[in-house]
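Letter by letter, the chains look like this.
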Protein chains: 2
Amino acid sequence: MKYELYYWPSIQGRGEFVRLALEDAGAAYVDVARSRRKAMAAMLRLMEAGTVARPPFAPPFLRAGDMLIAQTANILLFLGPRIGLAPRRESERLWAHQLQLTLADLVDEAHNVHHPISTALYYEDQKAEARRAAMQFVHTRLPKFLGYFENVLARNPRSEWLVGARTTYVDLSLFQVMAGLAYAFPRAMARLEGKHRRLRALAERVAARPRIAAYLASTRRLPFNEEDVFRRYPALDVT
Amino acid sequence: MKYELYYWPSIQGRGEFVRLALEDAGAAYVDVARSRRKAMAAMLRLMEAGTVARPPFAPPFLRAGDMLIAQTANILLFLGPRIGLAPRRESERLWAHQLQLTLADLVDEAHNVHHPISTALYYEDQKAEARRAAMQFVHTRLPKFLGYFENVLARNPRSEWLVGARTTYVDLSLFQVMAGLAYAFPRAMARLEGKHRRLRALAERVAARPRIAAYLASTRRLPFNEEDVFRRYPALDVT
């Protein structure tokens, strides 16, 4: 099975959670919009009325044979068991998915910091509001989310991973969230460092996995940038 | 199996998507925080560090035997097949879940309208920003989401429901979203009426299902109010 990933070609964004899983598994895949000219037009066409039976609302989406699957957490729910990155038991799969959805909520809130009024406006049109949003995010929501995941790690009796005895796609996603937060909020994250040692250790273990390390050192890993979900705007890295 | 639903006792909120599924199926369940004194304290305790192995980050969550499952869409993913409200095939289950996650995104954006800066602040502390957010939501995002779901309905060859040949939990959730939007944005929704006839027809069919009709007429159905996800603030019902 060769997978086709459809996502914006110039950002990590939500597509990165899928890329990391495919890379760690050594799965055969094409990052369609980065692989050939005119691929962006093809991607956008799949989202239009009338082209496919089950159109995605937004990227990322994955083609796997006849199936076209959207929503990041849903893609990973589908993909995890097929590429060896999901637990076996249903109860653990639901728990992994629950954690993935909670990470997605954190990602949404981090994105909302630079786009509090609307994603339909530029950051420059909502800078004052973004500053207010950053204050709340950094002081209230961010510590709450990180404390939650630190506690989840502390309470897993079977391993130092989030779910069960082995690495799952959720660990890779948590690595990505930690990397994104460190990029966007370096001062805030440094200040919180002592409170999430397990999260940092997990992120380091993920980064050291051979296929992930090779991926991060390759040109396939796009650099963080200010069109992405995680953005480094010094005005928003409040202390 | 008697299910226990944990959710805030005075709002419909995200718990309502689970309530509607349980009610439509005629499933045996207890709405814990509404059923007895001190139940709220018990609910909050389950979210604290150290009380359960797999703590939820936030309500709603469902207890089913030994399992404690959080995240609305995840609860419905688990519950759907068990109460006869999910399609049989894996591909259709993923499609249903994908639509549910897209509805969750719409609900998040609708909530963000009255809390653009942060959920940690009161609406009164972000009224000016909320007004700006409402302009973007009503004119850009709302028509895009509704157009998407109208198109999904138009393209299902097997029935007038969203997925496959039969009613699923996603239909019930779409009814709830339409009801919430009509409550929060009556003028905007009236203006868009002609553009989503299929959505309105679906919402009417759901409301007429015997168990749903009985539920909506009962005291178990809480009224919409201004502590909820969907709020009627005339200043935000822009035209």
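Report on the accompanying structure. As the structure is a prediction and not an experimental result, all values here were calculated from the model.

### Here we look at the interface of chain A and chain B
(1) Moving on: Each partner contributes to the interface: chain A provides 49 residues, whereas chain B provides 49 residues.
(2) Moving on: Summed over the shared surface of chain A and chain B, the result is six salt bridges.
(3) Moving on: Here Glu92 of chain A and Arg54 of chain B are joined by a salt bridge, their closest N and O atoms 3.7 Å apart.
(4) Moving on: Linking chain A with chain B are 21 residue pairs in polar contact (both at pLDDT 80 or more).
(5) Moving on: Counting only elements with at least two residues in the side of chain A that touches chain B, the list comes to β4 (67-70), α4 (72-82), α5 (90-114) and α6 (127-155) of chain A.
(6) Moving on: At 12 residues, the largest contribution of residues to the side of chain A that touches chain B is made by α5 of chain A.
(7) Moving on: For the side of chain A that touches chain B, a count of residues per class yields 22 nonpolar, 15 polar and 12 charged.

### Details of the environment of Ala214 of chain B
Residue and element names in this part refer to chain B.
(1) Moving on: Mapped onto the secondary structure, Ala214 falls in helix α10 (residues 210-216).
(2) Moving on: Under the relative-accessibility criterion, Ala214 is labelled partly exposed at 46%.
(3) Moving on: On a C-alpha basis, the gap between Ala214 and Ala130 in space is 36 Å, while along the polypeptide they are 84 residues apart.

### Focus: the environment of Ala25 of chain A
Residue and element names in this part refer to chain A.
(1) Moving on: Checked against the element boundaries, Ala25 lands in helix α1 (residues 15-25).
(2) Moving on: Between the C-alpha atoms of Ala25 and Arg93, which are 68 residues apart in sequence, the distance is 18 Å.
(3) Moving on: Excluding residues within four positions of it along the chain, Ala25 makes contact with Ile83, Leu85 and Arg211.

### Quick look at the pattern of salt bridges
Residues and elements named next belong to chain A.
(1) Moving on: Throughout the structure, instances matching the rule amount to 32 salt bridges over all chains.
(2) Moving on: Between Arg89 and Glu92 there is a salt bridge, with its nearest N and O atoms 3.6 Å apart.
(3) Moving on: Of the charged contacts in the structure, one is a salt bridge between Arg187 and Asp237, with a shortest N-O distance of 3.6 Å. You can see Arg187 sitting in helix α8 (residues 186-192) and its partner Asp237 sitting in the segment after α10 (210-216), a full 50 residues away along the chain.
(4) Moving on: A residue is classified by how much of its surface remains accessible, and Arg187, at 47% relative accessible area, is partly exposed.
(5) Moving on: Within the structure, one salt-bridge network assembled from shared partners comprises Glu16, Arg19, Asp31, Arg34 and Arg221.

### Some thoughts on the side chain of His97 of chain A
(1) Moving on: Its place among the elements puts His97 of chain A in helix α5.
(2) Moving on: Leave out the neighbours within four places in its chain, and His97 of chain A touches Ala73, Asn74, Leu77 and Tyr169 of chain A together with Asn74, Leu77 and His97 of chain B.

### Some thoughts on the relation of the copies chain A and chain B
(1) Moving on: The transformation that overlays chain A on chain B combines an axial shift of 0.0 Å with a rotation of 180°, and the residual RMSD is 0.0 Å. When the rotation and shift are considered jointly, the pair of chain copies conforms to a two-fold rotation axis. It is Pro116 of chain A whose C-alpha, among those of chain A, lies nearest the rotation axis, at 2.6 Å.
(2) Moving on: The fraction of interface residues of chain A whose copies in chain B are also interface residues reaches 100%, indicating that both copies meet through the same surface.

### Some points on the pairing of β4 of chain A
(1) Moving on: By the alternation rule, side chains of β4 of chain A split into Met67 and Ile69 of chain A and Leu68 and Ala70 of chain A, which are all buried.
(2) Moving on: Where strand β3 (residues 61-64) of chain A folds back onto β4 of chain A in an antiparallel hairpin, the turn is made up of two residues, including Gly65 of chain A, whose phi is positive at roughly 65°.

### Here we look at the packing of helix α6 (residues 127-154) of chain B against helix α7 (residues 169-184) of chain B
Residue and element names in this part refer to chain B.
(1) Moving on: Following both chains from N to C, one finds α6 and α7 inclined at 155°, their axes separated by 13 Å at the closest point. Between α6 and α7, the interaxial angle falls into the category roughly antiparallel. Of the two elements, α6 crosses α7, and the hand of that crossing is left-handed. Residues Phe137, Leu142, Leu146 and Phe149 of α6 form the contact with α7, whose own contacting residues are Leu174, Met178 and Leu181.
(2) Moving on: Of the residues contributing to the contact of α6 with α7, the split by class is seven nonpolar, no polar and no charged.

### What to know about the sheet that holds strand β3 (residues 61-64) of chain B
Residues and elements named next belong to chain B.
(1) Moving on: Strand order in the open sheet formed by four strands is β2-β1-β3-β4, with mixed pairing between adjacent strands. The sheet is open, and its two edges are formed by β2 (29-31) and β4 (67-70), each paired on a single side. Sheet twist, expressed as the average angle between the axes of neighbouring strands with direction ignored, equals 20°.
(2) Moving on: Summarising the sheet, β3 and β4 pair through four bridges and their orientation is antiparallel.

Definitions and cut-offs
Residues numbered from 1 in each chain as written. Chains lettered and ligands numbered in written order. Predicted model: local features only at pLDDT ≥ 70, side-chain atom pairs only at ≥ 80, totals over all residues. Heavy atoms only, no water. Contact = heavy atoms within 4.5 Å. Salt bridge = Lys/Arg side-chain N within 4 Å of Asp/Glu carboxyl O. Polar contact = N/O pair within 3.5 Å; in protein donor to acceptor, adjacent residues only side chain to side chain. Helix = DSSP H or I, 4+ residues; strand = E, 2+ residues; numbered from the N terminus. Nonpolar A, V, L, I, M, F, W, Y, C, P; charged D, E, K, R; others polar. Buried < 20%, exposed > 50% of the residue type's maximum accessible area, 1.4 Å probe, protein only. Least-squares fit on C-alpha atoms with pLDDT ≥ 70 in both. Pairing = 2+ DSSP bridges. Axes fitted to C-alpha atoms, helices over the stretch in contact; angles between N-to-C directions. Parallel < 35°, antiparallel > 145°, perpendicular 65-115°, else oblique. Left-handed = near helix turned anticlockwise from the far one by under 90°.

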